[in-house]
Amino acid sequence: AMSAVKLVLTAAIAAAVRLGCEPEQVHLSDGAKSGTVVVSFATCQSFVGPPSVSYGKQGSGFPYSSQGDSYTYTDGGWEGLLHRVVLSNISSDTVYEYMCAGRNETFKFRSKPERGSFPVKFAAVADMGATSNNKGASNETIAALRNIDFDEYPLLVHAGDIAYTSGDQSVWDAFMNEMEPIAANTLYQVCVGNHEHYFNFSGYLHRFAMPGNTGDYAIDNLWGSYDYGGVHFVFFSTEHDLAPQVEFLKKDLAAAQANREQVPWVIAYAHKPLYCSTNDYYDCMIGGPKKIAPAVEPLFKQYGVDLFLGGHLHNYERTYPVNKYKVQSKSYNPAVDTVHVVIGMAGDDEGLTYSWAKKPSWSAVRHTELGYATVEVINATNLRFEYVLSHSGEISDSFELVRLRD
């Protein structure tokens, strides 16, 4: 009986990756311009465009319509069309419903809260692949995320290593379809990880639409920033030369620092961490401390980045407030330096990592179990972070962070 079930599952997955002509893999992201949201989706190559999305405030029908752009890429033999449609004049903190032309299904999302407002609630993952029968795969996490109330958590951050394609482009299609019940109903904000490197990051760069500052997704998907309520989010790529990004980060964090009165919190995310103590010599002894940290940590210190979220190591680790590998005070009330959290425990086909090096003085908590993070930024001074276990919903670790008033 088991093998029959497996066969059916395998057949279903194979069927899911053959692109139909109706819109699939629907996902949302924050638009670069104020009051905009981007709807991205995929179709077969013969889809007749232009792609369009009807939308309106919940309960009002679909009084508005936007048309978008279609494009494709052929690296890895991928066949299909990708579409991006920008919805505009979106009011803040409002539930909208929308439909992609060519598919009779309604999705809904809660728009961004007004700049400077609280509370801000979001979920976060890193290192999450397509579901599989492998031990430590993402099945439980994706199932748990589908059960989140997107009205309460209207934003999902994914800090790199998305889908785990190994270069097989159909895995992108399978993963984005598995994510659709989540990502079509919440802003799905991503950054790039090492597993997206195939064909010079082509699949990643074409499939996402992050709100950067240049209008060119080849750059904006790699580094950028956006305000979300009372939080300034900034993301960058640990997979690309850090020099031009440092210039961007300097300008961006200086502007964010000057705007703390209105937007008090600064949260950064990228794929590889500055701090980790997994038994992984290169990433935790060289990559983090000798390559990434020297480039960006002085800026974190200078401009008061409150929280950094990373992944790459397939486990969970949070630091005390730390700078230059030194802890001035273990207290999070207030935190005198940036708190770093590795959240690479969402699940993927490589499985989780249970092997740790000796625990350094800056490391507060380490754990390996499938899960994701939820963050509630309560007000201008207090934030609550929880590490939620995918299979049970239990909270494995939590902390409250009080930011040092400037």
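Only a predicted model underlies this, so the values are computations on that prediction, with no experimental measurement involved.

A. Molecular detail of the overall build of the protein chain. Per the secondary structure count, the protein chain includes seven helices and 23 strands. A globule of 406 residues ought to have a C-alpha radius of gyration of about 22 Å, and the protein chain, at 20 Å, matches this closely. In terms of overall dimensions, the protein chain has a C-alpha envelope of 60 × 50 × 40 Å along the principal axes. By the burial criterion, 58% of the 406 residues in the protein chain qualify as buried. Contacts spanning at least 24 positions in sequence make up 67% of the contacts within the protein chain whose residues lie at least 6 apart.

B. The arrangement of the pairing of strand β23 (residues 395–402) in detail. Pairing of strand β22 (residues 382–389) with β23 involves seven bridges; the strand directions are antiparallel. Among the inter-strand pairings, V388 is bridged to a residue of β23, identified as I395.

C. Examining the pairing of strand β11 (residues 155–159) more closely. Among the five residues in β11, five count as buried, and that is most of the element. Burial along β11 is two-sided: the residues L155, V157 and A159 and L156 and H158 are all buried. In terms of strand pairing, strand β9 (residues 120–125) meets β11 through three bridges, oriented parallel. The residue of β11 that forms the bridge with A123 is L156. Bridge analysis of β11 against strand β13 (residues 187–191) gives five bridges, and the strand direction is parallel. Within β13, the residue paired with H158 across the bridge is V190.

D. Structural detail: the state of the cysteines. If you walk through the whole model with that rule in mind, you get two disulfides. C21 shares a disulfide with C44; S-S distance 1.8 Å. Measuring the twist about the S-S bond at about 90°, one finds the C21-C44 disulfide to be right-handed. With a gap of 23 residues between them, C21 in the loop between α1 (2–17) and β1 (24–30) and C44 in the loop between β2 (37–43) and β3 (52–57) connect regions that are remote in the sequence. Among the residues examined, C44 registers a relative accessible area of 9% and is labelled buried.

E. Focus on the packing of helix α6 (residues 242–258) against helix α7 (residues 281–302). Interaxial distance between α6 and α7 falls to 9 Å at its minimum, and their mutual angle equals 15°. Classed by the angle they form, the pair α6 and α7 counts as roughly parallel. Of the two possible hands of crossing, α6 and α7 adopt the one that is right-handed. When α6 is examined against α7, the residues L242, V246, L249, K250, L253 and Q257 are found in contact with a partner set consisting of K291, I292, A295, V296, L299 and Q302. The residue inventory of the contact of α6 with α7, partitioned by class, reads eight nonpolar, two polar and two charged.

F. Highlighting the nonpolar core. Counting residues in hydrophobic clusters, the biggest one holds 117 residues, and the most contacted among them are Y98, F122, F175, Y188, F233, I343 and F385. When residues in this core are grouped by element, the largest group, seven residues, is from helix α3 (residues 169–183).

G. Local environment of the side chain of S237. Position of S237 among the secondary structure elements: in the loop between β15 (231–235) and α6. Side-chain polar atoms of S237 contact the backbone nitrogen of E239, separated by 3.0 Å. If near-sequence neighbours (up to four positions away) are discounted, S237 is found in contact with V192, L222, L242 and Q245.

H. Quick look at the packing of α3 against helix α4 (residues 198–207). Contact geometry of α3 with α4 gives a least axis separation of 11 Å together with a crossing angle of 25°. The orientation of α3 with respect to α4, classified from their angle, is roughly parallel. Note that α3 runs across α4; the crossing there is right-handed. Contact residues: Q169, W172 and D173 in α3; F199, G203, Y204 and R207 in α4.

I. Seen up close, the layout of surface pockets. For the largest pocket, the calculated volume is near 460 Å³. Residue composition of the lining of the largest pocket, grouped by class: seven nonpolar, twelve polar and six charged.

J. Fine view of the side chain of T36. Examined against the element boundaries, T36 turns out to sit in the loop between β1 and β2. Leaving out residues up to four positions away in the same chain, T36 has contacts with D30, G31, V86, L87, S88 and I90.

K. View of the confidence of the model for the protein chain. Across the protein chain, pLDDT averages 94, with 95% of residues at or above 70. Note that residues 1–17 has pLDDT below 50 and, in this model, six contacts with residues that lie over four places away or in other chains.

L. Fine view of the sheet that holds strand β17 (residues 307–310). Spatially, the seven strands line up as an open sheet ordered β14-β15-β16-β17-β19-β18-β20, and their pairing is mixed. Each of the sheet's edge strands pairs with one partner strand only, and the pair in question is β14 (224–228) and β20 (363–367). Put simply, the sheet's adjacent strands are angled 15° from each other on average, direction ignored. The strands touched by α6 within the sheet are β14, β15 and β16 (265–269), with β15 carrying the most contacts at an inclination of about 175°.

Rules behind the numbers
- Residues numbered from 1 in each chain as written.
- Predicted model: local features only at pLDDT ≥ 70, side-chain atom pairs only at ≥ 80, totals over all residues.
- Heavy atoms only, no water.
- Helix = DSSP H or I, 4+ residues; strand = E, 2+ residues; numbered from the N terminus.
- Rg over C-alpha atoms; globule rule 2.2 N^0.38 Å.
- Buried < 20%, exposed > 50% of the residue type's maximum accessible area, 1.4 Å probe, protein only.
- Contact = heavy atoms within 4.5 Å.
- Pairing = 2+ DSSP bridges.
- Disulfide = S-S within 2.5 Å.
- Axes fitted to C-alpha atoms, helices over the stretch in contact; angles between N-to-C directions.
- Parallel < 35°, antiparallel > 145°, perpendicular 65-115°, else oblique.
- Left-handed = near helix turned anticlockwise from the far one by under 90°.
- Nonpolar A, V, L, I, M, F, W, Y, C, P; charged D, E, K, R; others polar.
- Core = buried A, V, L, I, M, F, W, Y, C linked by side-chain atoms within 4.5 Å.
- Polar contact = N/O pair within 3.5 Å; in protein donor to acceptor, adjacent residues only side chain to side chain.
- 1 Å grid on protein atoms, 1.4 Å probe; cavity = no way out; pocket = protein on both sides within 12 Å on 5 of 7 lines; lining within 4 Å.
- Points joined across faces, edges and corners; volume = space filled by probe spheres on them.
- pLDDT = per-residue confidence, 0-100.

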